[in-house]
Amino acid sequence: MRICLFKLEDVGPNLVNMVADKNVEFDETVIEKFQFSGSITYSLVFQGMITIDDLSSELYGPFPFAFSSGFVQYAFSFIAEDKKMKDKRMKSKTLGLILMLVPEMVSKIDDFREELAKILLYKFHNVYKIEEVNKAFLSEIIKSYNKIVTELLSSQQASTLSEQIIDFLIVKEDTKKQKKQKNLAIIYPKEYINLVKTYYSSFLSSLPYKETNYDENKAMIKTANYSFHFRRDIHADEDFINSQEALIFLVDVGVKKYKPIFDLLSNLKSKLKIALVVSLPDNIEKASTSYAKFFTGLQRYIAGLPFFSASFTSTYEFKSKMLEAIFWTISPLEI
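This structure is a prediction, so every number in the text was calculated from the model and none was measured.

Asks: Whenever I open this one, the nonpolar core confuses me. Can you help?
Replies: Among soluble globular proteins, nonpolar side chains are generally buried collectively. Core analysis: the biggest nonpolar cluster contains 50 residues, and Ile 40, Phe 203, Phe 228, Phe 230, Ile 248 and Leu 250 have the highest contact counts within it. If one sorts the elements of this core by residue count, helix 10 (residues 315–329) sits on top with 7 residues. In this structure, Met 100, Val 102, Ile 109 and Leu 138 belong to the second largest nonpolar core, which totals 26 residues.

Now the structure itself:
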């Protein structure tokens with residue numbers, strides 16, 4: 001297990017601590033992967049928070065880990081006293097996020113997530129100051145994690161999994177080469193303009209971006225390796241969608257306006273990764289009928305394409321599903 005800690009500073013989250021269950025020298029490339037992944041997670045987990053009282057300690061995940069298909073990540077949010085906090089609105093407190101890298105095999109074990117949540121809630125219930133969340137504290141969490149894993153698996157299996165993580169973190173020379181900039185588009189209908197505006201702001205406050213621009217119909221945030229494009233569906237033409245590596249469609253099933261999405265997908269010239277984050281009506285019966293109708297029509301356009309879908313009915317679920325969709329789309333293409 002690998003853990004890194006992000007906390008709120010004047011200009012967004014910074015990597016404070018990174019610890020492992022073995023003594024490992026972390027390559028800068030590995031740290032950059034955690035920083036980027038943590039920045040996205042941070043921006044979405046704390047998006048929409050009006051006051052610090054809105055935050056509760058909570059475990060999110062598992063989410064795909066963008067840089068390896070063999071691992072998933074969990075995120076745990078908390079709040080603690082921070083005398084160095086300059087923003088008076090925070091009342092001398094800081095928002096914290098623990099980012100944890102776990103082998104996918106472990107995440108699928110029955111009761112693992114529940115046991116991990118118990119560990120984190122127990123460890124943090126007496127944490128009052130951010131200084132208490134130090135390397136020694138995080139190492140204790142890893143020890144508790146290791147105990148869970150060895151109880152759920154054989155000691156040999158647990159040891160093998162640990163070695164696999166070590167191998168992943170030992171960065172080979174050829175993996176350090178600069179990769180081609182990847183384009184990712186988040187396409188949304190008129191109904192989502194305000195929601196997308198809020199998420200754009202959240203990304204902007206946490207991602208280490210190099211360039212950005214915004215209006216309510218199209219926006220862009222460019223980082224070292226990715227360009228995130230937010231585009232209203234009626235402004236996403238054929239040339240635009242075919243210049244992307246992956247597309248995330250935000251869909252409001254309740255309004256039943258699917259034609260713009262189907263028109264865009266009918267113009268695809270290459271095999272892109274397609275993700276859907278779908279809002280369902282509160283009425284379960286109505287939701288299932290609308291959902292089925294939408295996906296029946298969708299099958300004509302996504303056959304043979306790498307595909308991800310998730311549905312939500314609440315803001316909390318939306319945050320979680322957007323995280324899953326984003327990490328899935330920026331993971332290595334498997335086409």
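There's plenty left to go through after this.
Asks: Mind showing me how you'd approach the packing of aromatic side chains here?
Replies: Aromatic ring pairs are reported here in terms of the distance separating the ring centres and the angle at which the planes meet. Enumeration over the complete set of coordinates arrives at 15 aromatic pairs. When the ring of Tyr 226 is compared with that of Phe 228, the centres are 6.1 Å apart and the planes differ by 35°; the resulting orientation is tilted. Per residue, the accessibility class of Tyr 226 equals that of Phe 228, and both read buried. On the basis of an interplanar angle of 25° and a centroid distance of 5.2 Å, the ring pair of Phe 262 and Tyr 301 is categorised as stacked. Placement of the pair is Phe 262 in helix 8 (residues 259–266) and Tyr 301 in helix 9 (residues 284–302), with a sequence separation of 39 residues. In this structure Phe 262 comes out as buried when scored by relative accessible area, which is 11%. Taken together through their ring pairs, the aromatic side chains of Phe 262, Phe 294, Phe 295, Tyr 301 and Phe 307 make up a single cluster.

Asks: It is not clear to me how the environment of Thr 223 should be interpreted in this structure. Could you clarify?
Replies: Tracing the backbone shows Thr 223 in the loop between strand 8 (218–222) and strand 9 (226–232). The spatial distance from the C-alpha of Thr 223 to the C-alpha of Pro 208 is 6.2 Å, given a sequence separation of 15 residues.

Asks: When you look at the pairing of strand 7 (residues 211–214) in this model, what are you seeing that I'm missing?
Replies: The side chains of a regular strand alternate, residue by residue, between the two faces of the sheet. Two strands pair when backbone bridges link them, and strand 7 and strand 8 are joined in this way by 4 bridges, in the antiparallel orientation. Within strand 8, the position partnered with Asn 213 by the bridge is Met 220. Count of turn residues in the strand 7/strand 8 antiparallel hairpin: 3 residues.

Asks: Whenever I open this one, the side chain of Ser 227 confuses me. Can you help?
Replies: Examined against the element boundaries, Ser 227 turns out to sit in strand 9. Given a relative accessible area of 2%, Ser 227 falls into the buried group. When residues no more than four places from it in sequence are discounted, the contact partners of Ser 227 are Gln 181, Lys 182, Asn 183, Leu 184, Ile 221 and Lys 222.

Asks: How do you make sense of the pattern of salt bridges when you look at a structure like this?
Replies: Considering all chains together, one arrives at 10 salt bridges under this definition. Close ionic contact of Lys 118 with Glu 115 constitutes a salt bridge, the shortest N to O distance being 3.5 Å. Of the two residues, Lys 118 and Glu 115 both sit in helix 3 (residues 112–124), 3 residues apart, roughly one turn of that helix. Here Lys 118 falls in the partly exposed class, since its relative accessible area comes to 46%. Glu 238 is the partner of Lys 269 in a salt bridge, and the nearest nitrogen-oxygen pair spans 2.4 Å. One end of the pair, Lys 269, is in the loop between helix 8 and strand 11 (273–279); the other, Glu 238, is in helix 7 (residues 238–241), and 31 residues separate them in sequence.

Asks: What is the right way to look at helix 10 in this model?
Replies: Along an α-helix, residues three or four apart share an orientation, since each turn contains 3.6 residues. Counted at 1.5 Å a residue, the expected span for helix 10 with its 15 residues is 21 Å, and the 21 Å between its end C-alpha atoms agrees. With respect to burial, helix 10 is a largely interior element, 11 of its 15 residues being buried. Inspection of helix 10 places Phe 318, Lys 319, Ser 320, Met 322, Leu 323, Glu 324, Ala 325, Ile 326, Phe 327, Trp 328 and Thr 329 among the buried residues, and these make up the whole buried set.

Rules used throughout
Residues numbered from 1 in each chain as written. Predicted model: local features only at pLDDT ≥ 70, side-chain atom pairs only at ≥ 80, totals over all residues. Heavy atoms only, no water. Core = buried A, V, L, I, M, F, W, Y, C linked by side-chain atoms within 4.5 Å. Buried < 20%, exposed > 50% of the residue type's maximum accessible area, 1.4 Å probe, protein only. Helix = DSSP H or I, 4+ residues; strand = E, 2+ residues; numbered from the N terminus. Phe/Tyr/Trp six-rings, centres within 6.5 Å; stacked < 30°, edge-to-face > 60°. Pairing = 2+ DSSP bridges. Contact = heavy atoms within 4.5 Å. Salt bridge = Lys/Arg side-chain N within 4 Å of Asp/Glu carboxyl O. Expected span 1.5 Å × (residues − 1).

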